[in-house]
Amino acid sequence: MDDLTFWFIARITGLTAFAVLSLSVLSGEALRTSVLDFLAKNRAIRRLHDFTTPLWLPLVFAHIIALLFDKTAAIRPIDVVVPFVNPYEPYLLPIGLGTISFDIIMVVTVTSWLRSRMNNTLWMWIHRTSYIAFVALFFHAAYSGTDFDAPLVSALAWSTAAGLAILGVSRIIWGRLPA
Ligand code: HEM
């Protein structure tokens, strides 16, 4: 396989992971609001959240493995877990943001599996770091990616950001609804 093949795999899996994580964060935030009541019951939104949450794993691993093989990207194994040490100077910040996002989402996913053994408040605060991960992911994809200028990709990304903002404002105004 040549470098272009790895590059295409990295782009496809990165964009699909972005779409899946967007749905996961949106459905998670929607769970305690009534904003989507006209569209679906809380149980359906919960199912969507549970379904989309682990889907990112194979996609992001494929994204990273493809980039490790792609000589142009010049990603080393250490860049996958330690942010802002990659030698490719112009992309130091955007690639580092991808690493931060990866680290946070990994912790959020593992703690989701360990939830029953954890203190609920600690679990909740760890879980809320997903918003930080999403912001880091947004700028990672926008500034290191090739396809973010494409109308479809840009529309998806900005509608997710707008959706998160609307849900966030509704939680500030109406508070967090009980489960
Ligand atoms: C949560 C984990 C991650 C997700 C969801 C993700 C997603 C994305 C997305 C959506 C793009 C834009 C693709 C495009 O525009 O075609 C991208 C590009 C890129 N990502 Fe990630 N990424 C993640 C983690 C990482 C990590 C840990 C690294 C390496 C340390 C990395 C390195 C790159 C590079 C080098 C590009 C540019 C690829 C190109 O040349 O188009 N990503 N990523």
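Above: the structure in question.
Residues numbered from 1 in each chain as written. Predicted model: local features only at pLDDT ≥ 70, side-chain atom pairs only at ≥ 80, totals over all residues.

**Overview of the overall build of the protein**
Selection rule: Where helices and strands are cited, they refer to DSSP runs of H or I of at least four residues and of E of at least two residues respectively, numbered from the N terminus. Restricting the calculation to C-alpha atoms gives the radius of gyration, and the globule rule supplies 2.2 Å times the number of residues raised to the power 0.38. Partly exposed residues are those falling between the two cut-offs: more than 12 but fewer than 20 other C-beta atoms within 10 Å of their own, whereas 20 or more means buried and 12 or fewer means exposed, with C-beta atoms placed from the backbone.
From N to C terminus, the protein includes eight helices and zero strands. For the protein, the sequential pattern of α-helices and β-strands runs α-α-α-α-α-α-α-α. A compact globule built from 179 residues would reach a C-alpha radius of gyration of about 16 Å, and the protein, at 17 Å, matches this within 12%. Referenced to the eigenvectors of the C-alpha coordinate spread, the extents of the protein come out at roughly 50 × 40 × 25 Å. Evaluated residue by residue, the protein yields a buried proportion of 27% over its 179 residues.

**Examining the site of the ligand**
The condition is simple: Here, nearness is defined through the C-beta atom: a residue counts as near a molecule or strand if that backbone-placed atom lies within 6 Å of it. When residues are grouped by polarity, Ala, Val, Leu, Ile, Met, Phe, Trp, Tyr, Cys and Pro land in nonpolar, Asp, Glu, Lys and Arg in charged, and all others, Gly among them, in polar.
Neighbouring residues of the ligand: 30 residues in total, closest R11, G14, G98, G145 and D147. Listing elements by their share of the shell around the ligand, those giving two or more residues are α1 (3-30), α3 (56-69), α4 (77-81), α5 (92-113) and α7 (130-144). A total of eight residues in the shell around the ligand trace back to one element, the largest contributor, which is α1. Residues of the shell around the ligand, tallied by class, amount to 18 nonpolar, nine polar and three charged.

**With respect to the nonpolar core**
Test applied: By convention in this section, buried Ala, Val, Leu, Ile, Met, Phe, Trp, Tyr and Cys residues joined through C-beta atoms within 7 Å make up a nonpolar core. Here, residue contact means that the backbone-derived C-beta atoms of the two residues sit within 7 Å.
Of all hydrophobic cores here, the largest spans 28 residues; its most connected members are F18, L21, A133, F134 and L137. In terms of residue count, α1 provides more of this core than any other element does, eight residues in total. With residues near it in sequence (within four places) discarded, L137 still touches F18, L21 and S101.

**Considerations on unusual backbone geometry**
Although it is not a glycine, A74 adopts a positive phi angle of roughly 55°. As for its placement among the helices and strands, A74 is situated in the loop between α3 and α4. Unlike most non-glycine residues, F84 shows phi in positive territory, near 60°. For F84, the location among the structural elements is in the loop between α4 and α5.

**As for the packing of α5 against helix α6 (residues 120-128)**
Spelled out, the test is: Simply put, an axis is a line fit to the C-alpha atoms, just over the touching stretch for a helix, and the angle between two N-to-C directions goes from 0 to 180 degrees. Handedness of a helix crossing follows the sense of rotation of the near helix relative to the far helix, less than a right angle counterclockwise being left-handed and clockwise being right-handed.
In the contact formed by α5 and α6, the axes pass within 9 Å of each other and the chain directions differ by 150°. With respect to the hand of their crossing, α5 and α6 are arranged in left-handed fashion. Here α5 contributes V107, V108 and T111 to the contact with α6, which in turn contributes W123, I126 and H127.

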